[in-house]
Amino acid sequence: RLEQSAPARAYLASRGLDNDELIDRFQLGFADRTLGLRLPDSNRQEGETLRSRLAQLGLWRDSGHEHFNGCIVVPLHDECGHGVSFYGRRAQRGEMKHLYPPGPHRGLFNRAALASEEIILCEAVFDALTFWANGFKNVTCLFGTEGFTDELWEALRQVRHVKLAYD
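Residues numbered from 1 in each chain as written. Predicted model: local features only at pLDDT ≥ 70, side-chain atom pairs only at ≥ 80, totals over all residues. Heavy atoms only, no water.

1. Quick notes on the pairing of strand β5 (residues 118-122)
Look at any regular strand and the pattern is simple: side chains alternate between the two faces of the sheet. Within β5, 4 of the 5 residues are buried, leaving the element largely enclosed by the surrounding structure. Where β5 and strand β7 (residues 161-165) come together, 5 bridges link them in parallel fashion. When the sheet's bridge partners are listed, Glu 118 is paired in β7 with His 161. In terms of strand pairing, β5 meets strand β6 (residues 139-141) through 3 bridges, oriented parallel. In the sheet register, Cys 122 faces β6, and the bridge partner there is Cys 141. At this point the chain moves from β5, through helix α5 (residues 125-133), to the parallel β6, and the crossover so formed is right-handed. (Buried < 20%, exposed > 50% of the residue type's maximum accessible area, 1.4 Å probe, protein only. Helix = DSSP H or I, 4+ residues; strand = E, 2+ residues; numbered from the N terminus. Pairing = 2+ DSSP bridges. Right-handed = clockwise from strand over helix to strand, strands pointing away.)

2. As for a nonpolar patch on the surface
Residues Val 162, Leu 164 and Tyr 166 make up a contiguous nonpolar surface patch of roughly 280 Å² in combined accessible area. Secondary-structure assignment places Leu 164 in strand β7. (Patch = residues over 30% accessible without salt bridge, like charges linked within 9 Å, V, L, I, M, F, W, Y side chains within 5 Å. Areas by Shrake-Rupley, 256 points an atom, 1.4 Å probe, with all protein chains shown as cover. Salt bridge = Lys/Arg side-chain N within 4 Å of Asp/Glu carboxyl O.)

3. Concerning the sheet that holds β7
Ordered by their spatial adjacency, 3 strands build an open sheet running β6-β5-β7, and the pairing between neighbours is parallel. Every interior strand has two partners, whereas the edge strands, β6 and β7, have only one. Across the sheet, the mean angle separating the axes of adjacent strands is 30° when strand polarity is ignored. Lying over the sheet, α5 contacts β5, β6 and β7, oriented at roughly 175° with respect to β6. (Axes fitted to C-alpha atoms, helices over the stretch in contact; angles between N-to-C directions. Contact = heavy atoms within 4.5 Å.)

Structure (structure tokens):
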């Protein structure tokens, strides 16, 4: 529902990221508290099964709310290209919160860039999106200064040069 969210699009524009190619390429979305309205009722087997699966993915809280409510959401992928986790960024003024599902970090952003001989490694997803939007397509990121994962290490071992672009 990103395309229908004026606050999300305004936030992206303020970062120089309101770009349809970027939005499509990285499957950006927006969590706007309507997920529960699209699910079958929780007192039905199908509704309970879907809520359970969404909770396993870290998208649905036990309280019955979306984990990423109010966030621009970016899927993170495994080595086979499957979405295995998510990153969320609050799109409200004055609130610069990074949000991940509970548990260990999984997946990588812009995994295709890791086929490059040289990579730019940023701190966070929106930093990498900014590089990408400005023509530097060989960019990925970690999960903040303490979010270097074994999965990222294994992927970077295939890259010849790594340029660090930290805040």
